[in-house]
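Here are the chains, one letter per residue:
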Amino acid sequence: MSLIGKSIGNYQIKAKLGEGGMGAVYLGEHPLIGKRVAVKVLLEELAAKEDIVARFFNEAKAVNDIGHQNIVDVVDFGKMKSDTGGPDVVYFIMEFLDGESLSARLRRTGLSVPETLHVIGQCCSGLAASHAKGIVHRDLKPENLYLCPRGGDKNFVKILDFGIAKLTGDGGTQSHKTRTGLVIGTPAYMSPEQCEGKGLIDHRSDVYSLGVVMYELLTGRVPFPGEGFGEVLVAHLTKQPDPPSQHNPDIKPEIEALVMHAIEKDRNRRFQSMDEFAAAVANPAAHLQAYSPLPGYTPAQPSAASRSNPGGTMMLPDGTPPYPPLAGGGPTTGTAPRPTTLSGAAAELDGDRPRKSKAPIVLAAAATLLIAGGGFLVLHGKTEEKPAMVPAVVQQAPKDESVKLRVTSDPPGARVFRADTGSYADGTTPLTIVVKRGAPNFDIQIKLDGYKAKTKSLSTDHSDAVLVSLEKEPAPVAALPPPTAPVVADVKPEHHHHHDHKSAAAAPATNTTAPVKKGKDEGGDDMKLLQPKF
């Protein structure tokens, strides 16, 4: 059932913004004052189930009760009669966000390190408030983090889509417990305990997922970018990630330590709260001194830049701190988990969709890991262990050294044309282009058969990693053959009076002084009269 043109609450539905597993999101507009909102409508087949509807409303209220500036606001919810005679239309109304998702920003320009700290700090602030209400998000990823301008801040964060969140420590009954043996989330960002599917999820799972997001912001890739979900789940459970500096050599050791601490596999070794994570983001140098990582990762000493700033606090270019002050109170956990059906609205008119490898999944964990593990053995042929992690050696590069520009495409295997040399780089993506530091900036064009070419600007000021998502070329449309003009032979002047009025009006006047040339082959003016009109 299409809702476009109908009214929900005080708002008229103008357009459909997107659709997910739980429902569709529409753009609504107040007919008098023009205020725009995002309207989430539960799918018709789910709206017929009273238990789902009850949770839908209860948990919409719970998330709205968080009342934090970095979490999308739910302003209304209710039911309305369906025009088709089916179940009632179940909806809630949220603020409309004018901006772009973090995933779209990653594809467009990426973020600087200060911007990354600013975004992560805001996420910590909002999630600390969510955890304090006993709500664990469980699906943090760039698609669910929205950047919108607020005042002088162009990177103000709104956390969206609590569609698979769970409530903990709510003091309620356990009639809606999450079933063990299920893995729920987006594989590339899931914590090891989510991958196990044992139902033992608390706020520290969000710490891990936010750490993965930070890893991607700094390097342009996730720690475990496997093709299949089984491969990714096994990696989260068994493999140590590469330090971010292996993919972006310009990452300072104190920044790298923040990421490595957040994505510790043992949740007891991670940041134990979002407040703790936020404090480390505000003072990376102090955190580096206190952090004791597992063997295999040895953080370097703070860089010269951080030593020149004794407090170690990262500041934005305008001198402001990287995230708003945190409210007091830490997150709470409990033992009565139950799933929620609340989803926020991305409010993206450009149809930004998650990448294929990051789609949320629900599967039996035991079977998945068995299959994935078997596939892992078949692919590798042996079970010898690899080193847990390559130690990070990060040094400040002298100004006259070369920089490495890592170009990755999705899908890989694309050719890269360099505008500075006028030729293709050797090899296909992923590839590394080495240039002299401070050389003129240049553009590259990424080309892959069957996909639209894309152009990206590269800076030679520092090493960088660039991810380019390619769009498929539309299928060619077969051209219709041109219409064949009718052939009329031996048209004689004396037949002019048989033409209709319109044709006669179009004919040249008989008293013109210009001679009219007409031959049998050319068809003359009579042939012009008989040409088909389109």
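Thresholds, definitions, all that
Residues numbered from 1 in each chain as written. Predicted model: local features only at pLDDT ≥ 70, side-chain atom pairs only at ≥ 80, totals over all residues. Heavy atoms only, no water. Salt bridge = Lys/Arg side-chain N within 4 Å of Asp/Glu carboxyl O. Helix = DSSP H or I, 4+ residues; strand = E, 2+ residues; numbered from the N terminus. Buried < 20%, exposed > 50% of the residue type's maximum accessible area, 1.4 Å probe, protein only. Core = buried A, V, L, I, M, F, W, Y, C linked by side-chain atoms within 4.5 Å. Contact = heavy atoms within 4.5 Å. Pairing = 2+ DSSP bridges. Phe/Tyr/Trp six-rings, centres within 6.5 Å; stacked < 30°, edge-to-face > 60°. Lys NZ or Arg CZ within 6 Å of the ring centre and 35° of its normal. Axes fitted to C-alpha atoms, helices over the stretch in contact; angles between N-to-C directions. Expected span 1.5 Å × (residues − 1). Left-handed = near helix turned anticlockwise from the far one by under 90°. Nonpolar A, V, L, I, M, F, W, Y, C, P; charged D, E, K, R; others polar. Polar contact = N/O pair within 3.5 Å; in protein donor to acceptor, adjacent residues only side chain to side chain. pLDDT = per-residue confidence, 0-100.

*Asks:* Can you walk me through the pattern of salt bridges in this structure?
*Replies:* Pairs can form between side chains of opposite charge once their charged atoms are near each other. Enumeration over the complete set of coordinates arrives at 14 salt bridges. Across the salt bridge formed by glutamate 115 and lysine 154, the nearest N and O atoms sit 3.8 Å from each other. One end of the pair, glutamate 115, is in helix H4 (residues 113-132); the other, lysine 154, is in strand S10 (residues 153-159), and 39 residues separate them in sequence. Glutamate 193 serves as the salt-bridge partner of arginine 270, at 2.8 Å between the closest nitrogen and oxygen. You can see arginine 270 sitting in the loop between helix H8 (253-262) and helix H9 (274-282) and its partner glutamate 193 sitting in helix H5 (residues 192-196), a full 77 residues away along the chain. Glutamate 193 sits in the buried class, given a relative accessible area of 8%. Each of the salt bridges in this network shares a partner with another, and the network as a whole consists of Glu95, Arg150 and Lys158.

*Asks:* When you look at the nonpolar core in this model, what are you seeing that I'm missing?
*Replies:* If you look at soluble globular proteins, the nonpolar side chains tend to sit buried side by side. In this structure, Leu210, Met214 and Phe277 are the most contacted members of the largest nonpolar core, which totals 52 residues. Those elements giving two or more residues to this core turn out to be helix H2 (50-66), helix H3 (102-108), H4, strand S9 (145-150), S10, helix H6 (203-219), H8 and H9. Examining the composition of this core, we find that nine residues originate from one element, H6, more than from any other. Setting aside chain neighbours within four positions, we find leucine 210 in contact with Ile120, Cys123, Cys124, Leu127, Leu140, Met274 and Phe277. Core analysis: the second largest hydrophobic core is formed by 24 residues, Ala38, Leu43, Phe57 and Phe156 among them.

*Asks:* Teacher, can you tell me more about the sheet that holds strand S1 (residues 7-8) here?
*Replies:* Within a sheet, adjacent strands bond to each other through the backbone by hydrogen bonds, running parallel or antiparallel. Here six strands make up an open sheet; going across it, the order is S1-S2-S3-S4-S6-S5 and the pairing antiparallel. Both edges of this open sheet fall to S1 and strand S5 (74-80), since each of them pairs with a single strand only.

*Asks:* Please explain unusual backbone geometry as it appears in this structure.
*Replies:* Glycine aside, residues mostly have negative phi angles, and peptide bonds mostly take the trans form. With an omega of 5 degrees, the peptide bond between aspartate 410 and proline 411 qualifies as cis. Along the chain, the position of proline 411 falls in the loop between strand S15 (402-410) and strand S16 (415-418). For the bond from threonine 429 to proline 430, the omega torsion is 0 degrees, close enough to zero to count as cis. With respect to the helices and strands, the residue proline 430 is situated in the loop between strand S17 (423-424) and strand S18 (431-436). We note that arginine 138 has phi near 75 degrees; this positive angle belongs to a residue other than glycine. With relative accessibility at 6%, the residue arginine 138 sits in the buried group.

*Asks:* Explanation requested: the packing of aromatic side chains in the structure shown.
*Replies:* The description of two aromatic rings rests on the distance between their centres and on the angle between their planes. A full pass over the atoms with the stated rule returns three aromatic pairs. Relative to phenylalanine 277, the ring of phenylalanine 271 lies with its centre 4.6 Å away and its plane at 15 degrees, an arrangement referred to as stacked. The exposure classification of phenylalanine 271 matches that of phenylalanine 277, with both residues buried. Between arginine 415 and the ring centre of tyrosine 424, over which it is positioned, the NZ or CZ distance is 3.8 Å. A cation over a ring is seen here: lysine 447 above phenylalanine 417, with NZ or CZ 5.8 Å from the ring centre.

*Asks:* Can you help me understand the sheet that holds S9 in this one?
*Replies:* One open sheet accounts for three strands, arranged S7-S9-S10; its pairing is antiparallel. Two strands close off the open sheet at either side, each with one partner strand: strand S7 (100-101) and S10. Judged from the five bridges that link them, S9 and S10 form a sheet pairing that is antiparallel. Paired with tyrosine 146 across the strands is lysine 158, a residue of S10. Docked against the sheet, H4 engages S9 and S10, running at close to 35 degrees with respect to S10.

*Asks:* Honestly, H4 in this entry has me stumped. Any pointers?
*Replies:* Side chains of residues three or four places apart in an α-helix project in the same direction, reflecting 3.6 residues per turn. Across its 20 residues, H4 extends 28 Å between first and last C-alpha, which sits within 8% of the 28 Å expected from 1.5 Å per residue. Of all the 20 residues making up H4, 17 are buried; the element is thus mostly covered by neighbouring parts of the structure. With its phi angle positive at about 80 degrees, glycine 134 sits one or two positions after the end of H4.

*Asks:* Is there a simple way to think about the packing of H6 against H8 in this case?
*Replies:* Each pair of packed helices can be described by the angle between their axes along with the distance between the axes. Look at H6 against H8: their axes get within 8 Å of each other, and the N-to-C directions meet at 145 degrees. Crossing handedness for the pair H6 and H8: left-handed. Within the contact between the two elements, H6 uses Val207, Tyr208, Gly211, Met214, Tyr215 and Leu218 and H8 uses Ile255, Leu258, Val259 and Ala262. Across the contact of H6 with H8, the residue classes break down as nine nonpolar, one polar and no charged.

*Asks:* I'm lost on the pairing of strand S3 (residues 23-29) in this one. Help?
*Replies:* Within a regular beta strand, the side chains point alternately toward one face of the sheet and then the other, so they alternate between its two faces. Counting buried residues in S3 gives six out of seven residues, a clear majority hidden from the surface. Relative to S3, strand S2 (residues 11-19) is paired through six bridges, and the arrangement is antiparallel. Bridge pairing in S3 links isoleucine 13 to glycine 28. Inspection of the sheet shows S3 paired to strand S4 (residues 36-42) by seven bridges, in the antiparallel sense. Across the sheet, the residue bridging to alanine 24 is valine 41, located in S4. Turn length for the S3-S4 hairpin, with the two strands adjacent in sequence and antiparallel, is six residues, and the turn residue glycine 34 shows positive phi of about 80 degrees.

*Asks:* Honestly, the environment of glutamate 231 in this entry has me stumped. Any pointers?
*Replies:* With respect to the helices and strands, the residue glutamate 231 is situated in helix H7 (residues 229-238). Between the C-alpha atom of glutamate 231 and that of proline 187, which follows or precedes it by 44 residues, the distance is 9.5 Å.

*Asks:* Quick question: what am I supposed to make of the side chain of histidine 30 here?
*Replies:* Inspection of the secondary structure puts histidine 30 in the loop between S3 and S4. Within the structure, histidine 30 has its side chain in polar contact with the backbone nitrogen of leucine 32 (distance 3.2 Å). Non-local contacts of histidine 30, meaning those with residues more than four positions away in its chain, are made with Asn10, Tyr11 and Lys35.

*Asks:* Explain the confidence of the model for the protein chain to me, please; I cannot follow it from the model alone.
*Replies:* Close reading of the predicted structure is inappropriate where its pLDDT is low. Taken as a whole, the protein chain shows an average pLDDT of 73; of its residues, 64% reach a score of 70 or greater. H9 holds the highest mean pLDDT among the elements of the protein chain, 97, whereas strand S13 (residues 338-339) holds the lowest, 32. In the model, residues 169-181 has pLDDT below 50 throughout and makes 28 contacts with residues more than four positions away in sequence or in other chains. This model gives residues 302-399 a pLDDT under 50, and the stretch forms 225 contacts once residues within four places in sequence are excluded.

*Asks:* Help me out: how do you make sense of H8 in this one?
*Replies:* Where burial is concerned, most of H8 is hidden: 10 out of the 10 residues are buried. Those residues of H8 that fall on the buried side of the exposure criterion are Pro253, Glu254, Ile255, Glu256, Ala257, Leu258, Val259, Met260, His261 and Ala262.

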